[in-house]
Amino acid sequence: MKKRIDKIAAWGADWIEFDNMDWLDEETRQRYNLSATVSEANAYINALCDHTHAKGMNCMAKNTVDNFPQFDGVIYESYHDEKNWWDTQGTREFLAAGKRVIINHYNEAKCDAVYAEYIDFYDNENISFICEDTATKKYKHYNQECV
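What counts and what doesn't
- Residues numbered from 1 in each chain as written.
- Predicted model: local features only at pLDDT ≥ 70, side-chain atom pairs only at ≥ 80, totals over all residues.
- Heavy atoms only, no water.
- Helix = DSSP H or I, 4+ residues; strand = E, 2+ residues; numbered from the N terminus.
- Rg over C-alpha atoms; globule rule 2.2 N^0.38 Å.
- Buried < 20%, exposed > 50% of the residue type's maximum accessible area, 1.4 Å probe, protein only.
- Contact = heavy atoms within 4.5 Å.
- Areas by Shrake-Rupley, 256 points an atom, 1.4 Å probe, with all protein chains shown as cover.
- Lys, Arg positive; Asp, Glu negative; His and termini not counted.
- Charge placed at Lys NZ, Arg CZ, Asp CG, Glu CD.
- Arc of directions from axis to C-beta.
- Polar contact = N/O pair within 3.5 Å; in protein donor to acceptor, adjacent residues only side chain to side chain.

Caption draft 1: Representation of the overall build of the protein. Along its length, the protein carries 5 helices and 6 strands. For the protein, the α and β elements follow one another from N to C terminus as α-β-α-α-β-β-α-β-α-β-β. Scaling as 2.2 N^0.38, a compact globule of 147 residues should have a C-alpha radius of gyration of about 15 Å, and the protein matches this with 16 Å. Reported as C-alpha extents along the three principal axes, the dimensions of the protein are approximately 40 × 35 × 30 Å. The buried share of the protein, reckoned over its 147 residues, is 39%. Partitioning the contacts of the protein with sequence separation of at least 6, the portion at a separation of at least 24 is 57%. Looking at the protein as shown, the accessible area adds up to about 8,700 Å², and 47% of this sits on carbon and sulfur atoms. Counting 16 positive and 26 negative side-chain charges, the protein places the averaged centre of each group 7 Å from the other.

Right, dumping it as C-alpha cells:
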C-alpha cells in the first residue's frame, strides 16, 4: 500500500480516499473471516495515513471517523432511506475542526431538500454535498468551494 501511495504522490494528487474503512465491525470481520483485530486494523489505517501525510497529501476517511482523528476529511455515502447512519458526533467534531465533510447522496428526487436537511441537522454550511438527481440522471454539486 505504501508503494501505491508513493505512486499517487508522484502523480501529484492532493488527497487519498481510504475506501472500505467501514469493515471495522465484528459482523463484517466474521463474514469475511478477517483475522486482524479492530485495533490492528485501526493502527494499519492510521499508519497509512501517516505515510500519506509524509508524502505531502491529505487523508480522506470513508464512512467513518471513529479512531481516525488525524484524517483531514471524510466522505459518506447516503441514501434516501439511510441518512446519518454514521457517527454523527464524529462528523460534528470534524466540522468543528474545519475538516472536510462530503456527503455523496444517491438516487434522490429532492436533492435541494436533502441538502437543506443535512445543513440543518449539523448546523453547519461547510458540508459539501453531491446528489444523484433521479430526474436529470446527473449529479448536483453543492458547496464546491469546500471540496
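Right, picking up where we left off after that structure.
Caption draft 2: Main features of helix α4 (residues 88–96). Restricting attention to buried positions, one finds in α4 the residues G90, T91, F94 and L95. Burial along α4 is one-sided: seen end-on, the buried residues are contained in an arc of 140°. Tucked inside the fold, the buried residues of α4 contact β3 (73–79), β4 (100–108), α5 (111–122) and β5 (127–133). The opening residue of α4, the one whose side-chain oxygen lies 3.3 Å from the backbone nitrogen of Q89, is D87. Backbone geometry just downstream of α4 places G98 in the positive-phi region, at approximately 80°.

Caption draft 3: Main features of the environment of E125. Here E125 lies in the loop between α5 and β5. Along the primary structure E125 and T91 are separated by 34 residues, whereas in three dimensions their C-alpha atoms are 13 Å apart.

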